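# Geometric and topological summary
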Amino acid sequence: MLKTYSLTKDTLSVSSESNIKNSSVVYVYGDEREYIESFEHKYDFKIGNILTLDDRVAYDTMIDQNDEKSLLVSFLFPEVHEGGHLDNLTTSVVFLVFKNKLIIFTKQKLKFIPELLSNMVLRDANNSMQEVLLKIMQKDFHVMLNDLRGVKEKIDDLDSDISTSGPLRPTFGDLLTLQKYMIALSTTYGANHKALDFIKKNFTTINDIDFTTKKIIDEIYDTSDTMDRIISGYSQYLDDLEDMINNMISYQLNMIMKTLTEISIVLTIPAIIFGFWGINVHVPFEKSSYGVFAVLIISVILSLICWFLLRRKTYL
């Protein structure tokens, strides 16, 4: 699918998809092989391959026949959702930045991009496409930060489940899902930081760049640093939580084994007594009509004494 936007004065607005050539911004998503291949042949790089990358970013500087400089840059957008596999938790977003045109590629539609582009107001007329790119990245990083805060709620829910129910099977599933999110998110943030460095290096060398644009770059860096700190703290907490669960399981297993051992010790006493009275020699109570009851009472009394001694010695 293609969505096109035209720049009128200082505002982007949706334009007809048939007017791609004269559009200032084009958003390409889904199966648009023919359009993507036209750029691959023209600039000799594989946009399709870049879109499949889920653990690293791509960036390069291009010079056309008129010695005009354009940029290729991509970054990763993590999507935190239930039941996701590691290979589909991130989406690569590719930008082609020309002097008066910006083209955006994604494999699947990201809702915040067309919502942001519609009626976007720009301040830097001389570097409008760079400003559009930075505002998209700024919005993307805010979405990522909100998703990361949503992970905190999942961690709190997991903590509550462990406190109330202990390490049950669903708890392990939730913990595994959260750890999978942490892997995807940490990989994404690390890769995106390299893309940010590339953008800052190229955009801040523009002499007449607007002060607001520089401020956006600084804000994106601050958001990225915040996410790095949060992800580090969450990952450490999940590791500690996993250790706590393993300790709880070991403790429960030890308690079960201790209980079974003590039961076997207590039951050994009646077995010894019954074996003694079963030998083929003269034993007490053998001629008494109440001998069976006497042996049972002795067994019970001795078993209770053994159980009491074990409790007094804090073996239970």
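Parameters at a glance
- Residues numbered from 1 in each chain as written.
- Predicted model: local features only at pLDDT ≥ 70, side-chain atom pairs only at ≥ 80, totals over all residues.
- Heavy atoms only, no water.
- UniProt positions renumbered as here; feature names shortened; annotations may be inferred.
- Helix = DSSP H or I, 4+ residues; strand = E, 2+ residues; numbered from the N terminus.
- Expected span 1.5 Å × (residues − 1).
- Buried < 20%, exposed > 50% of the residue type's maximum accessible area, 1.4 Å probe, protein only.
- Arc of directions from axis to C-beta.
- Patch = residues over 30% accessible without salt bridge, like charges linked within 9 Å, V, L, I, M, F, W, Y side chains within 5 Å.
- Areas by Shrake-Rupley, 256 points an atom, 1.4 Å probe, with all protein chains shown as cover.
- Salt bridge = Lys/Arg side-chain N within 4 Å of Asp/Glu carboxyl O.
- Lys, Arg positive; Asp, Glu negative; His and termini not counted.
- Charge placed at Lys NZ, Arg CZ, Asp CG, Glu CD.
- Pairing = 2+ DSSP bridges.
- Core = buried A, V, L, I, M, F, W, Y, C linked by side-chain atoms within 4.5 Å.
- Contact = heavy atoms within 4.5 Å.
- pLDDT = per-residue confidence, 0-100.
- Phe/Tyr/Trp six-rings, centres within 6.5 Å; stacked < 30°, edge-to-face > 60°.

### A look at the UniProt feature "transmembrane region" (unreviewed entry) in the protein chain
- Residues annotated in UniProt with the feature "transmembrane region" (unreviewed entry) correspond here to residues 260–279 and 291–310.
- Taken end to end, residues 260–279 comprises 90% helix and 0% strand; its first and last C-alpha atoms sit 29 Å apart.
- Helix makes up 100% of residues 291–310 and strand 0%, whereas the separation of the span's terminal C-alpha atoms amounts to 29 Å.

### Regarding helix 7 (residues 291–312)
- The end-to-end C-alpha distance of helix 7 is 32 Å, a good match for the 32 Å that 22 residues give at a rise of 1.5 Å each.
- Listed in full, the buried residues belonging to helix 7 are Gly 291, Ala 294, Val 295, Ser 299, Ser 303, Cys 306 and Leu 310. What you see down the axis of helix 7 is that its buried residues fit within an arc of 165°, all on one side. Across helix 7 from its buried face, at more than 90 degrees, point the exposed residues Phe 293, Leu 304, Arg 311 and Arg 312.

### Concerning helix 1 (residues 33–43)
- Burial in helix 1 covers these residues: Tyr 35, Ile 36, Phe 39, Glu 40 and Tyr 43. Down the axis of helix 1, the buried set is contained in an arc of 140°. They therefore lie on one face. Away from its buried face, by an angle of more than 90 degrees, helix 1 presents the exposed residues Glu 34, His 41 and Lys 42.
- Backbone geometry just downstream of helix 1 places Asp 44 in the positive-phi region, at approximately 60°.

### Section: a nonpolar patch on the surface
- A grouping of Phe 274, Tyr 290, Val 292, Phe 293, Leu 296, Ile 297, Ile 301, Leu 302, Ile 305, Phe 308 and Leu 309 is seen on the molecular surface, where their side chains present a nonpolar patch of about 1100 Å² in accessible area.
- A total of 9 residues in the nonpolar patch trace back to one element, the largest contributor, which is helix 7.
- One can find Leu 302 in helix 7.
- By relative accessible area, which is 38% here, Leu 302 ends up partly exposed.

### Focus on a negative patch on the surface
- On the surface, Glu 153, Asp 157, Asp 161 and Asp 174 cluster together into a patch of negative charge.
- A total of 3 residues in the negative patch trace back to one element, the largest contributor, which is helix 4 (residues 128–165).
- In this fold, Asp 161 is placed in helix 4.

### Considerations on the pairing of strand 1 (residues 2–8)
- Direction of pairing for strand 1 relative to strand 3 (residues 25–29): antiparallel, over a ladder of 4 bridges. In the strand pairing of strand 3, Tyr 5 is matched with Val 25.
- By the bridge criterion, 5 bridges tie strand 1 to strand 2 (residues 11–15) in an arrangement that is antiparallel. Pairing of Thr 8 across the sheet is with Thr 11, part of strand 2.

### Brief notes about unusual backbone geometry
- Of note, Asn 119 is a non-glycine position whose phi angle comes to about 60°, a positive value.
- On the secondary structure map, Asn 119 appears in the loop between helix 3 (112–117) and helix 4.

### Quick word on the nonpolar core
- Among the nonpolar cores identified, the biggest contains 60 residues, and Phe 95, Leu 102, Ile 104, Leu 117 and Val 132 are the most heavily contacted of them.
- Every element with two or more residues in this core is listed here: strand 3, strand 5 (69–78), strand 6 (90–97), strand 7 (102–106), helix 3, helix 4, helix 5 (169–203) and helix 6 (211–277).
- Looking at this core, the element that brings in the most residues is helix 4, giving 15 residues.
- Ignoring any residue separated from it by four or fewer positions in sequence, one finds Leu 102 in contact with Ser 24, Val 25, Val 26, Phe 95, Leu 96, Val 97, Met 129, Val 132, Leu 133 and Ile 136.

### Quick word on the pattern of salt bridges
- All chains considered together, the criterion is met by 1 salt bridge.
- Here Glu 131 ties to Lys 135 by a salt bridge, and the two come within 3.4 Å at their closest N and O atoms. Here the residue Glu 131 and the residue Lys 135 both occupy positions in helix 4, the gap between them amounting to 4 residues, near one helical turn.
- Judged by relative accessible area, Glu 131 falls into the buried class, the value being 1%.

### As for the confidence of the model for the protein chain
- Looking at the protein chain, pLDDT values average 78 and 87% of them are 70 or higher.
- Confidence scores differ between elements of the protein chain, with helix 1 showing the lowest mean pLDDT of 75 and strand 7 the highest of 90.

### Some details on the packing of aromatic side chains
- Evaluation of the coordinates by the stated rule reveals 5 aromatic pairs.
- An angle of 25° between the planes, with centres 5.1 Å apart, marks the rings of Tyr 59 and Phe 198 as stacked. Here the residue Tyr 59 occupies a position in strand 4 (residues 59–63), and Phe 198 occupies one in helix 5, the gap between them amounting to 139 residues.
- The exposure class assigned to Phe 198 is buried, which follows from its relative accessible area of 13%.

### Thoughts on the environment of Asn 22
- For Asn 22, the location among the structural elements is in the loop between strand 2 and strand 3.
- For the pair formed by Asn 22 and Asn 100, sequence separation is 78 residues and the distance between their alpha carbons is 9.9 Å.

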